[in-house]
Amino acid sequence: MSIMPNLSCGIVGLPNVGKSTLFNALTKKATAAAANYPFCTIDPNVGIVDMADERLSTLSKISGSAKIIPAAVTFVDIAGLVAGASKGEGLGNKFLANIRETDAIVHVVRCFENDDIIHVAGKVDPIQDIEVINLELILADLQMAENTAIKLEKQAKAKKELQPAVDALKKAIEHLNQNLPMKSFELTEKEQEILMGYPFLTFKKVIYLANVAESDLPEMDNPHVQAVRAFAEKEGSSVIPICASLEEELVQLEAEEAKEYLESLGLKEPGLNRLINAAFKMLGLINYITTGEIETRAWTVRQGSNAQVAAGEIHTDIQKGFIRAEVVSYDDMISYKGRVGARESGKARSEGKEYIVQDGDVILFFHN
């Protein structure tokens, strides 16, 4: 069976920026000890969070499904990082190993003033905080690239075909030595192909999570947040302002209460929903849906995936024996009260293996 693993995001940030508070909210359990001192989160805590998708509950009512399985995102809460992590300061090396395995980085940045919560550098300066962590990621990449290049150079004496990789790594080292991340490196197609095979941290896409105080609601747009936006724009990253303490309060409430509380603050949805949606969008992921009496389920595929690839998310046997896909748009499923009504109204399309799957397609696969 070939199920696409959940999208995974590593949550990073300096100590006392609100990372553990956010993680508690994300996992709806107080698993990370949110205390007012650095290093209260020693091991990376892993939490799998469902993606809010109202389409699933609507379809499950039509299909009479026994259960609903939403798409999910895995969040890894990575031990508080400090300057010097790449040299093993704090919990440096362990942190770096954990983050290499994630798809994207969620960088929590403190954008609130509070005299009761000590700041690791003595003052709130989100850009300086971002730069401390970015530099650690660059230094870690530099170390990895240098070690790899030394090994490959020895091997390339006997295996000439390794020389392009050595050359590409040397160019990467030169770039990183200027304290620049890999994502700002102009690469040829060949170099890109070579270097993408190595676990560079600074190739990963980043969402900056600007953590604000409750007094900043509902606009969440103080001067600190504006500074982070300007910084992120230059590197092509996105910014989601969020109030971690509010998110932690919301998850203690029943769904209806939480909704009312948000509305009373002038907010439409929890910040965590915005974070998960932004992560999906940033990594070019979409969800298609299957629905029936057993379950209504969201399946995650990369944007631009064809129907045969999408079938493989359910099972490799369906991919191999693919005959056709019957596709109904979500809106038509609702308008015609299910697949039978959609078929009768000519809204169920028969598509071949090359059909490009769209977000919200409700698909039935036929296979040998």
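Everything discussed here concerns the structure shown above.
So, here is what we can say about the structure in this document. As the structure is a prediction and not an experimental result, all values here were calculated from the model.

Right, let's talk about the packing of aromatic side chains for a bit. Inspection of every chain in the model, using the stated rule, returns four aromatic pairs. Relative to Phe231, the ring of Tyr208 lies with its centre 6.0 Å away and its plane at 85 degrees, an arrangement referred to as edge-to-face. Of this pair, Tyr208 sits in strand β6 (residues 205-211) while Phe231 sits in helix α7 (residues 223-235), placing them 23 residues apart in sequence. Each member of the pair, Tyr208 as well as Phe231, is classed as buried. Its guanidinium or amino end placed over the ring of Trp299, Arg297 lies 4.1 Å from that ring's centre, counting from NZ or CZ.

This part covers the pairing of strand β8 (residues 285-291). Among the seven residues in β8, six count as buried, and that is most of the element. One ladder, built from seven bridges, connects β8 with strand β9 (residues 295-302); its direction is antiparallel. Among the inter-strand pairings, Thr291 is bridged to a residue of β9, identified as Thr296. As consecutive antiparallel partners, β8 and β9 are separated by three residues.

Tallied over the full model, the rule gives 12 salt bridges. For the salt bridge of Asp53 with Arg55, the shortest nitrogen-to-oxygen distance reads 3.0 Å. Side by side, Asp53 and Arg55 carry an identical accessibility label, which is buried. When the shortest N-O distance is used, the salt bridge between Arg297 and Glu295 registers 3.7 Å.

Attention now moves to α7. Relative to the 18 Å expected for 13 residues at 1.5 Å per residue, α7 spans 19 Å between its end C-alpha atoms, a close match to the ideal helical length. Buried residues of α7: His224, Val225, Val228, Phe231 and Ala232, and no others. Buried residues in α7, looked at end-on, bunch into an arc of 125 degrees, giving them a common side. The outward face of α7, more than 90 degrees from its buried face, is lined by the exposed residues Pro223, Glu233 and Lys234. Sitting at the amino-terminal end of α7 is Asn222, which places a side-chain oxygen 2.9 Å from the backbone nitrogen of His224.

Taking 1.5 Å as the rise per residue, helix α5 (residues 163-176) with 14 residues should run 20 Å; its terminal C-alpha atoms sit 20 Å apart, in good agreement. For α5, the complete set of buried residues consists of Ala165, Val166, Ala168, Leu169, Ala172, Ile173, His175 and Leu176. In this structure, the buried residues of α5 make contact with α4 (126-156) and α6 (189-195).

Okay, the packing of α4 against α5 next. Between α4 and α5, whose axes approach to 9 Å, the crossing angle comes to 155 degrees. Taken together, the axes of α4 and α5 lie roughly antiparallel to each other. In the packing of α4 onto α5, the handedness of the crossing is left-handed. Across the interface between the two elements, Ile138, Asp141, Leu142, Ala145, Glu146, Thr148, Ala149, Leu152, Glu153 and Ala156 from α4 touch Gln163, Ala165, Val166, Leu169, Lys170, Ile173 and Leu176 from α5. In terms of residue class, the contact of α4 with α5 is built from 11 nonpolar, two polar and four charged.

This part is about the nonpolar core. Ranked by size, the top nonpolar core spans 71 residues in total, and within it Leu22, Phe75 and Tyr208 carry the most contacts. Ranked by residue count, the leading element in this core is helix α10 (residues 271-282), at seven residues. With residues up to four places along the chain from it excluded, the contact list for Phe75 reads Cys9, Ile11, Phe23, Leu26, Asn45, Val46, Gly47, Val49, Val106, Leu275 and Ile276. Formed by 21 residues, the second largest nonpolar core is a distinct cluster that contains Ala145, Ala149, Leu169 and Leu187.

So, on to the side chain of His107. Its location among the elements puts His107 in strand β5 (residues 104-110). Non-local contacts of His107, meaning those with residues more than four positions away in its chain, are made with Val12, Gly13, Asp129, Ile130, Ile133, Asn134, Val206, Ile207, Tyr208 and Leu209.

Spatially, β2-β4-β1-β5-β6-β7 is the arrangement adopted by the six strands of the open sheet, whose pairing is mixed. Strands with a single pairing partner mark the edges of an open sheet, and in this sheet they are β2 (45-50) and β7 (238-242). Each strand axis lies, on average, 25 degrees off the axis of its neighbour in the sheet, ignoring direction. In the sheet, β6 pairs with β7 via five bridges, with the strands oriented parallel. Paired with Ile207 across the bridge in β7 is Ser238.

Glancing now at the environment of Gln155. Tracing the backbone shows Gln155 in helix α4. A relative accessible area of 41% places Gln155 in the partly exposed class. A sequence separation of 11 residues divides Gln155 from Val166, and the C-alpha atoms of the two residues are 9.9 Å apart.

So, on to the pairing of β9. Counting buried residues in β9 gives six out of eight residues, a clear majority hidden from the surface. As paired elements, strand β3 (residues 67-69) and β9 share three bridges and run parallel to each other. Opposite Ile68, over in β9, you have Thr296 as the bridge partner.

Thresholds, definitions, all that
- Residues numbered from 1 in each chain as written.
- Predicted model: local features only at pLDDT ≥ 70, side-chain atom pairs only at ≥ 80, totals over all residues.
- Heavy atoms only, no water.
- Phe/Tyr/Trp six-rings, centres within 6.5 Å; stacked < 30°, edge-to-face > 60°.
- Helix = DSSP H or I, 4+ residues; strand = E, 2+ residues; numbered from the N terminus.
- Buried < 20%, exposed > 50% of the residue type's maximum accessible area, 1.4 Å probe, protein only.
- Lys NZ or Arg CZ within 6 Å of the ring centre and 35° of its normal.
- Pairing = 2+ DSSP bridges.
- Salt bridge = Lys/Arg side-chain N within 4 Å of Asp/Glu carboxyl O.
- Expected span 1.5 Å × (residues − 1).
- Arc of directions from axis to C-beta.
- Polar contact = N/O pair within 3.5 Å; in protein donor to acceptor, adjacent residues only side chain to side chain.
- Contact = heavy atoms within 4.5 Å.
- Axes fitted to C-alpha atoms, helices over the stretch in contact; angles between N-to-C directions.
- Parallel < 35°, antiparallel > 145°, perpendicular 65-115°, else oblique.
- Left-handed = near helix turned anticlockwise from the far one by under 90°.
- Nonpolar A, V, L, I, M, F, W, Y, C, P; charged D, E, K, R; others polar.
- Core = buried A, V, L, I, M, F, W, Y, C linked by side-chain atoms within 4.5 Å.

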